Amino acid sequence: MRTLICALALLVSLPATALPPNVEQVETFRGITQYRLKSNGMTILLAPDHASPVFTFMVVYHVGSRNEAPGNTGSAHLLEHMIFNKSTENFGRANGHKTFLEVLHEGGADASSTNMTTWYDRMNGYSTLPSDKLELAMRIEADRLGRALILDEERKPEMSVVRNEFEIGENNPSRALLKATVATAIQAHPYHWNTIGYRSDIEGVSTEKLREHYKTYFHADNAEAILAGDFETEAALALFDRQFGAFARSPQPIPQVITVEPPQEGERRTLVKRPGTVGLVQIGYMRPAATHPDFIALEVLTSILADGVNSRLYQALVDTGIATGVSADNEALRDPYPLLLTATAAPGKPHAEVEAALKTAVADVADKGVTQTELLRAQQQIEVSIVRSRDGPYRFTVAMGEAVASTDWKWFLTYVERINAVTAADVKRVAANYLVPDRATVGWFVPSANVAKPVEAALAPPPPQLTAALQPVSRPAAPQQLQAFAQRTVRKVLSNGLVVDVVSNRSVPTVSVRGLVLAGQMTAPAAQPALADLAGKMLARGTTSRDKEQIGALLDDVGANRSYSTQLTELGIDASGMARDLPLLLEILADELRRPAFAPAELAKARRELENDYLRADDDTSQRAQQRLGQLTFAAGHPYRPASRAEKLRSLAAITDEELRAFHRARYAGNGMILAIVGDVEPGPTIALVEKLFGTLAAGERVSFAALPRTAPLDRGVREAVTLRGKANMNIVMGSASGLRRNDADYEAALVANAALGQNALASRLGRRVRDTEGLTYSINSRFLQSDVLDGVWLVNVNVAPPNLARAIRSTREELEKYAREGATEAEVQAQKSFFSGNYRVSLGSNAGIAAALAVAEKFGFGPRYLDEFPLRIAAVTAEQANAAMRKHFFPERLHLIVAGDLETLPD
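Residues numbered from 1 in each chain as written. Predicted model: local features only at pLDDT ≥ 70, side-chain atom pairs only at ≥ 80, totals over all residues. Heavy atoms only, no water.

Draft legend 1. Quick peek at the overall build of the protein. When you go through the protein residue by residue, the secondary structure sums to 33 helices and 23 strands. The C-alpha atoms of the protein give 27 Å as radius of gyration, which agrees with the globular expectation for 908 residues (29 Å, within 12%). Reported as C-alpha extents along the three principal axes, the dimensions of the protein are approximately 75 × 70 × 65 Å. Across the 908 residues of the protein, 62% fall into the buried class. (Helix = DSSP H or I, 4+ residues; strand = E, 2+ residues; numbered from the N terminus. Rg over C-alpha atoms; globule rule 2.2 N^0.38 Å. Buried < 20%, exposed > 50% of the residue type's maximum accessible area, 1.4 Å probe, protein only.)

Spelled out as structure tokens, the structure:
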């Protein structure tokens, strides 16, 4: 789907602001005001929103992989790593300071909303924090912009970290195919190589070359800042001037990319043949840059092709059983790039048939055009997705940042009106002009175990009989004093046991619904491990009153969406849309949750899709290692014991219609259902509507596992290799039973203690040694997993390249043993407590975040008050309590060791 590159304009009138002497106001447009520093030309865009006490501050640097050349590909990305958490004048270990991530972690930031990233056209650095941490966020980005040290002793281990990130990507068939397709479609322009670069360039680039790159592109007049959320304008501008005003302009003109991709003069083809389980077909069609007038019509075309069950590709490939999934991507970039169509081959379907079906669907649009209904539906879907991107400052800032990088901020604010100006004739015209055979690049990912023909056969065009048909023929956000959630939440338990929570938030005209049904994988009989997955997969495939296309049309016409995800303990519900459409959204949720049709044709499709899902999971080194840990930890018949691929596939094939319906009757009942609704709604009428739609649902019996005893770790851990041939990356998993449940009194203390050990790869003991100091991994973390109604496992998961396996095992084990001896220090406990408190506030900065937190709190019987109490519970944890919890639930001498990857035995 399209990257979210736009958002709803804030329709606010900002009061006159007293500006610092070095700051000038450039202009205000649709509620966003641009200011500029007179001393160096750096600009900042301000978007105030006081709905929650958090902000996001981002700096967009106009340098990305398009500013590289062969020999230094990946330099921007490696440089990003060097200024993300390495030493600068005021941060980092070279000068004896805390790192960026350590101080951000203490402020409540996490990797989901605080990061640095690199893409073709830009690099960015951003932090989402509680509103009292704005100065910290600006200090950090100022040091990244102009005070990075870029030391050789820090580059060497970080190069190994980036190389491991490259290897992780090589494990993923979709990423491997994407790199091959784009590199074949673009042959001269620097978009030819992936942002992470070539392995040899990652290993070979010198520290001096990285310093040269930094000195060339990192200047105030080649960067733009964005601030959205809860702040006071005058204070924010004063901080911006103080932190960034002293930087000089670039002494030389910033080098520009001058290469223009030559026209493509015929279809190109590429093949990726590697060990794998599922076939993929991708077709890229070269189209113009995001600033070109045709780009907007191509956005609408992309939506018509692949958004929803009524889209052209879904109906042509998924509904017919040729594929189990389709997507279309139209990246907004500064220069021409392919519009990419991707299909996952259904089991047993040849690549040539999938490719032909994709081309036929595209040719039909180019030849016959689209209907007015399709056009209006796509426009509505796009518009509402933009409005939803206003749900919290983080999403808004990320969306605006992408537009700033590849177009400009006004393009971002006028996007919707230009989308709505597109006509059906425009869509037909751009399809006919750009989605044509001579602009196509076809890529196949062929799992090597399934290859029966020579490579040349896959590179050849499809047979003539398969290609014969393909020939061309709102409102302002006002400051407010927010009440505690215990007071803000209107809660009701219906007579059938269903729990509903409603919170009114008037900041944007949207609504988010999160919920759960206690119908997860653990609630199915042990002999039927696929039963819960298949039941959940069927919910969105039609009801007794409507087929899935009718439901899809109702949702698409108003731009709403909903999804269901079957997890270990529950089925998750996620729905969102405009607040005015909440009645429709709830009516569809009630219809699907209560009255799924289980139609035979849809059931057959769902089985094929699940089969592919199981095959993909079985090809993932991290999932396979964790699966084996679960099998070693939990006895046969335990609800947490994971089934093997073979067991799941046997179950999937054997499930009968009556078994599926019986499971649904037993588990989809009022006593096992929770709904949390947050947005621009009135609580009273909302609860009345829920009661009308769900009140007659049978109460049922809430599934209980209270009688199950806790699982004890084995006296001695097992060492095993899980062999997956052809994988460039391995996963090390060490773990054992933890005995920790979510309602235990020491749960929060255990969280704090584990966080000091390994919660964050860059702000924990494990991360500091194994990633930051030794450079052995891109990703390392430890967790108490599955601590839910039952007790789960504690584990550490490490990504590693094969040559570093023995060192990574040794270093990780040494840190675990050291932590067991010493425990966490008072300073470490205080730092982690600060993180959890601040991070929880950040997570409640959107409607979706509040709704999700409410659903979880209700699941464990805490109620809405837990959203207020969690920070207090964390604050009350002492170092003594944290270490006691870790001694109770962490057993370093009894850990299993599993390594999944291209190996047969473990190193001594």
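Next comes the rest of the write-up.
Draft legend 2. Molecular detail of the side chain of R66. Locating R66 in the fold gives a position in the loop between β4 (54–61) and α1 (75–84). Engagement of the side chain of R66 in a polar contact is seen with the side chain of D335, the distance being 2.6 Å. Leaving out residues up to four positions away in the same chain, R66 has contacts with Y120, D121, H189, P190, Y191, V257, R334 and D335. (Polar contact = N/O pair within 3.5 Å; in protein donor to acceptor, adjacent residues only side chain to side chain. Contact = heavy atoms within 4.5 Å.)

Draft legend 3. Seen up close, the sheet that holds strand β1 (residues 23–29). Read across the sheet, seven strands follow the order β1-β2-β3-β7-β4-β6-β5 without closing on themselves; strand pairing throughout is mixed. The open sheet has two edge strands with one neighbour each: β1 and β5 (115–118). Averaged over all neighbouring strand pairs, the angle between strand axes comes to 20°, with direction disregarded. Taken together, the six bridges between strand β3 (residues 43–48) and strand β7 (residues 223–229) define a ladder with parallel strand orientation. Bridged to L46 within β7 is L227. (Pairing = 2+ DSSP bridges. Axes fitted to C-alpha atoms, helices over the stretch in contact; angles between N-to-C directions.)

Draft legend 4. A look at unusual backbone geometry. Positive phi values are uncommon outside glycine, yet R30 reaches one of about 50°. Relative to the elements of secondary structure, R30 occurs in the loop between β1 and β2 (32–37). According to the relative accessible area criterion, R30 is partly exposed, its value standing at 32%. With phi around 50°, I150 is a residue other than glycine that occupies positive phi space. By relative accessible area, which is 2% here, I150 ends up buried.

Draft legend 5. Main features of the environment of T905. Within the secondary structure, T905 sits in the segment after β23 (896–901). For T905, a relative accessible area of 61% gives the class exposed. In the structure, T905 is positioned 48 residues away from A857 in sequence and 44 Å away in space, judged by C-alpha atoms.

Draft legend 6. Structural context of the nonpolar core. Counting residues in hydrophobic clusters, the biggest one holds 71 residues, and the most contacted among them are V300, L301, L313, L317, L341 and M400. Examining the composition of this core, we find that nine residues originate from one element, helix α9 (residues 295–306), more than from any other. Excluding its chain neighbours within four sequence positions, the residues that come into contact with L317 are I322, A323, V326, A343, V354, A357 and L358. Ranked by size, the runner-up nonpolar core spans 60 residues in total, among them L751, A755, L844 and A853. (Core = buried A, V, L, I, M, F, W, Y, C linked by side-chain atoms within 4.5 Å.)

Draft legend 7. Focus on the pattern of salt bridges. As enumerated under the stated definition, the model contains 80 salt bridges in all. Put simply, R269 and E355 hold a salt bridge, and the shortest N to O gap is 2.7 Å. Here E355 lies in helix α11 (residues 351–368) and R269 lies in strand β8 (residues 268–274), a separation of 86 residues in the sequence. Grouping residues by exposure puts R269 and E355 together as buried. (Salt bridge = Lys/Arg side-chain N within 4 Å of Asp/Glu carboxyl O.)

Draft legend 8. Structural view of the sheet that holds strand β10 (residues 323–329). With respect to topology, five strands assemble into an open sheet ordered β8-β12-β9-β11-β10, the strand pairing being mixed. Each having just a single partner strand, β8 and β10 make up the two edges of the open sheet. Strand after strand, the sheet turns through a mean of 15° between neighbouring axes, direction not considered. Note: strand β9 (residues 280–287) against strand β12 (residues 440–447), six bridges, orientation antiparallel. Looking at β12, one finds that L280 is bridged to F445. Contacting β8, β9, β11 (337–345) and β12, α11 runs over the sheet at an angle of about 35° to β9.

Draft legend 9. Spotlight on the pairing of strand β18 (residues 673–679). Along β18, seven of the seven residues are buried, which leaves the element largely enclosed by surrounding structure. The side-chain alternation of β18 yields two buried faces, one formed by M673, L675, I677 and G679 and the other by I674, A676 and V678. Pairing between strand β14 (residues 499–504) and β18: six bridges, direction parallel. Each residue of the ladder has a partner; that of S504, found in β18, is G679. Direction of pairing for strand β15 (residues 510–517) relative to β18: antiparallel, over a ladder of seven bridges. Bridge pairing in β18 links L516 to I674.

Draft legend 10. Quick peek at the side chain of Q264. For Q264, the location among the structural elements is in the loop between α8 (233–244) and β8. Excluding anything up to four places from it in sequence, Q264 contacts A185, M286, D438, R439, A440 and T441.

Draft legend 11. Focus on helix α13 (residues 393–406). If you check α13, its first and last C-alpha atoms are 20 Å apart, about what 14 residues at 1.5 Å a residue would give, namely 20 Å. Looking at α13, one finds that the buried residues are P393, F396, T397, A399, M400, G401, E402, A403, V404, A405 and S406. The inward-facing, buried residues of α13 contact β2, β3, β4, β6 (123–130), β7 and α14 (409–420). (Expected span 1.5 Å × (residues − 1).)

Draft legend 12. Quick peek at the packing of aromatic side chains. Evaluation of the coordinates by the stated rule reveals 22 aromatic pairs. Members of the aromatic cluster, connected to one another through ring pairs, are Y840, F860, F862, Y866 and F870. When the ring centre of F860 is taken as origin, the NZ or CZ atom of R742, which lies over that ring, is 5.5 Å away. Note that R894 overlies the ring of F891, its terminal NZ or CZ placed 5.4 Å from the centroid. (Phe/Tyr/Trp six-rings, centres within 6.5 Å; stacked < 30°, edge-to-face > 60°. Lys NZ or Arg CZ within 6 Å of the ring centre and 35° of its normal.)

Draft legend 13. Structural context of the environment of Q631. In this fold, Q631 is placed in helix α23 (residues 621–633). As a C-alpha pair, Q631 and P642 span eleven residues in sequence and 6.1 Å in three-dimensional space. A distance of 3.4 Å separates a polar atom in the side chain of Q631 from the backbone oxygen of P642.

Draft legend 14. Expanded view of the pairing of β12. Counted residue by residue, β12 has eight buried out of eight residues, so it is predominantly covered. Here β12 shows no split at all, with A440, V442, W444 and V446 on one side and T441, G443, F445 and P447 on the other all buried. Across seven bridges, the pairing between β8 and β12 is parallel. When the bridges of β12 are listed, K273 appears paired with V446.

Draft legend 15. A look at helix α15 (residues 424–434). Of the residues making up α15, those classed as buried are A424, V427, V430, A431 and Y434. The buried residues of α15 all sit within an arc of 130° when viewed along its axis, so they share a single face. Residues of α15 that are buried make contact with β9, α9, α11 and α12 (372–388). (Arc of directions from axis to C-beta.)

Draft legend 16. Representation of the packing of helix α2 (residues 100–107) against helix α3 (residues 134–146) in the model. One can describe the packing of α2 onto α3 by two numbers: an axis separation of 11 Å at closest approach and a directional angle of 165°. Considering the angle they form, α2 stands roughly antiparallel to α3. Note on packing geometry: the crossing formed by α2 with α3 is left-handed. Across the interface between the two elements, F100, L101, V103 and L104 of α2 pack against L136, I140, D143 and R144 of α3. Grouping the constituent residues of the contact of α2 with α3 by class yields six nonpolar, no polar and two charged. (Parallel < 35°, antiparallel > 145°, perpendicular 65-115°, else oblique. Left-handed = near helix turned anticlockwise from the far one by under 90°. Nonpolar A, V, L, I, M, F, W, Y, C, P; charged D, E, K, R; others polar.)

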